[in-house]
Amino acid sequence: MPIWNREAECAAPAARQKLQLERLQKAVERVYSRVPFYRQKLDQAGVTPDSISSLKDVAKLPFTTKYELRETYPYGLLACDRSELVEIHTSSGTTGTPVVGAYTEADIDMWSEVMARTLSMAGCEKGDTVQNGYGYGLFTGGLGVHYGARRIGANIIPISAGNTRRQLMIMRDFGTTLLTCTPSYSLFLAEAALEEGIDFRELPLKAGCFGAEPWSENMRIEIESKLNINAHDIYGLTELIGPGVAAECECKDGLHFNEDYFYPEIINPETGEVLADGEKGELIITSLEREGSPLLRYRTRDITFLMREPCSCGRTSVRIHRLLGRTDDMMIIRGVNCFPSQIENVLMRIEGTQPHYQIVIDRGATHLDEIEIQVEVEEALFSDVTRAMEQLRKRIHDELKSELGISAHIKLVEPRTIARSEGKAQRIIDKRSL
Amino acid sequence: MIIKQISIFMENTSGRLADVTALLARAGINLRAISIADTTDFGILRMVADQPDEAVKLLRESGFTARETDVIGVEVPDHPGELARIMALFRDEGVSIEYLYASLEHKVDKAVIVIKVDDISAGLAMLEKHGFATIPSF
Ligand SMILES: [Zn+2]
């Protein structure tokens, strides 16, 4: 597999750390001198740019939250003159005010670099045809992939999201070799292809970069077999740049973090304390080279851990584990941290499909946390033999117990009995009065 | 002969059985035999109807998890010892029964037993060999 920037991606850790420290010092200096919001925050924390003399000093810096990004909408965090801006993106803003990303020419240049690295990890080279099924527009997915593919010199089909039949027709007729879209859309395409009589084994499609929504290892297996490709997980967020923050190489064992541009830390989301490599917690990112919208210690709310062991691809960058969940939906049951994604994995493993489910947490008469998992019985799970249904229930129970260490009551329920809001099921109902 | 049984997943909440039977009644589907297996949380409703394909389609459209299952319907003379004779046969020939139930209809001198076995072709062959009449529908 190609490595886009061997010098940066395979750098000796000491050399990279030196570069990171230089860039961190400049980044703090930049926001301190140019962004009143950050000057005030740093003053309150008793930190000046001179306080940063080693990478460890990053922990002295205050966190930045999504709430603060909304409060400063639209230009409150801008760290350059408006005349230097060449592009604006915003997050979808499902809960009110959107989050803004402002890009200078240098920001777009850096974005192209990190996305070229990302696509190369999936095997993209000049001569490849990239079907870009991410939405073009304010959403960062479409243009992020576009810039990376341009940098590589690949042939881009900027088809954007939706219009499934046309996606399939173009994929077949133009010989797409690399697909970029959300993981769920790739499975949607696979199903539609079946109806259209298109066989993925006869197409030159070899790989896909999937992100912008959480997905599981089981879903990867499903995508890879249905589309006959290698499926790579990519990670990014509008607040930092869009896609291009981290991505999986061919080893698919964690996502290589572009840490020369984005400095990662893992913290305990409740105390803010920095955790060691390998410990699960909230991912915190500081941008090291952004000019338009730099951020100090941004709280992503994504749960993962850092993997610093060497990767056999040759890259030396730290990796993050595939996302384990969000701090918003982390559950603490009898003192054990767990995430809906772990429950989803178990359910996927059992029947190869993900049934609708709901987690109900309550305190019983014993005052201990009790967890009930309601699973909708779709046809794939249904048997006319009672014993088979009881075995299904026991299997879910036992596998959850080995995965989470928690004994849950499994309740099989009829389809469509779990309430959905806007098509999405509410996953967790916490009845504990804490 | 194979009978298409309709199997439905149901939660043990009051009124679900009324919902199912009312739905089928409105569509003019006639039930021949019915049985419920229940556990603490859920039940499985099994029935034989005169239009199984239509019944399953209707149930699915109404949001039920339903499917057709192959079962054997065997006609037996309605007097003591007949069921025991069939059961002995299954035991002696080593054909496992998953479950069974009897028809709702009262036919003169005859009863219909609905039997789900793990190996349906072996079950059918065995019954035919011993002179029992298996029926395609009733
Ligand atoms: Zn690697």
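First, a word on scope: everything that follows refers to the structure included in this document. Computed from a predicted model, the values in this text were never measured in an experiment.

**Here we look at the sheet that holds strand 3 (residues 129–132) of chain A**
All names here are of chain A.
Link 1 in the chain: Across the sheet, which stays open at both edges, the 9 strands sit in the order 4-3-5-6-7-8-9-14-13 with mixed pairing between neighbours. Here the strands that pair on one side only, and so sit at the sheet edges, are strand 4 (155–157) and strand 13 (306–307).
Link 2 in the chain: Bridge analysis of strand 8 (residues 242–248) against strand 9 (residues 255–257) gives 3 bridges, and the strand direction is antiparallel. If you follow A246 over to strand 9, its bridge partner there is F257.
Link 3 in the chain: The sheet strands contacting helix 6 (residues 140–152) are strand 3, strand 4, strand 5 (178–181) and strand 8, and the helix crosses strand 3 at an angle near 170°.
Link 4 in the chain: Helix 9 (residues 217–227) rests against strand 5, strand 6 (207–210), strand 7 (230–237) and strand 8 of the sheet, and its axis sits at about 130° to strand 7.

**A look at the coordination of the zinc ion**
All names here are of chain A.
Link 1 in the chain: Distances from the zinc ion to its protein donors, namely C249 (SG), H256 (NE2), C311 (SG) and C313 (SG), fall within the range 2.1 to 2.3 Å.
Link 2 in the chain: Given 4 donor atoms and angles of 103 to 114° at the metal, the environment of the zinc ion is assigned as tetrahedral.
Link 3 in the chain: Read N to C, the donor residues that coordinate the zinc ion are spaced as C-x6-H-x54-C-x1-C. Here C311 lies in the loop between strand 13 and strand 14 (319–320) and C249 lies in the loop between strand 8 and strand 9, a separation of 62 residues in the sequence. In terms of burial, C249 and C311 fall into one category: buried.

**Structural notes on the interface of chain A and chain B**
Link 1 in the chain: Every contact between the two is made by 21 residues of chain A and, on the other side, 23 residues of chain B.
Link 2 in the chain: Carbon and sulfur atoms make up 50% of the area that chain A and chain B hide from each other, which totals about 1900 Å².
Link 3 in the chain: Of all residues in chain A, the largest losses of buried area upon contact with chain B belong to A:F382, A:D384 and A:E414, amounting jointly to 40% of the total for that side.
Link 4 in the chain: On the surface where chain A and chain B come into contact, there are 5 salt bridges.
Link 5 in the chain: At the junction of chain A and chain B, the tally comes to 13 residue pairs in polar contact (both at pLDDT 80 or more).
Link 6 in the chain: Secondary structure elements with two or more residues in the side of chain A that touches chain B: helix 11 (386–404) and strand 20 (409–413) of chain A.
Link 7 in the chain: Looking at side-chain class alone, the side of chain A that touches chain B contains 8 nonpolar, 4 polar and 9 charged residues.

Analysis parameters
- Residues numbered from 1 in each chain as written.
- Chains lettered and ligands numbered in written order.
- Predicted model: local features only at pLDDT ≥ 70, side-chain atom pairs only at ≥ 80, totals over all residues.
- Heavy atoms only, no water.
- Pairing = 2+ DSSP bridges.
- Helix = DSSP H or I, 4+ residues; strand = E, 2+ residues; numbered from the N terminus.
- Contact = heavy atoms within 4.5 Å.
- Axes fitted to C-alpha atoms, helices over the stretch in contact; angles between N-to-C directions.
- Donors = N, O, S within 2.8 Å, 3.2 Å for Na, K, Ca; no water.
- Tetrahedral: all angles 85-135°; square planar, octahedral: opposite > 155°, others 65-115°.
- Buried < 20%, exposed > 50% of the residue type's maximum accessible area, 1.4 Å probe, protein only.
- Buried area = accessible area lost by both parts, 1.4 Å probe.
- Salt bridge = Lys/Arg side-chain N within 4 Å of Asp/Glu carboxyl O.
- Polar contact = N/O pair within 3.5 Å; in protein donor to acceptor, adjacent residues only side chain to side chain.
- Nonpolar A, V, L, I, M, F, W, Y, C, P; charged D, E, K, R; others polar.

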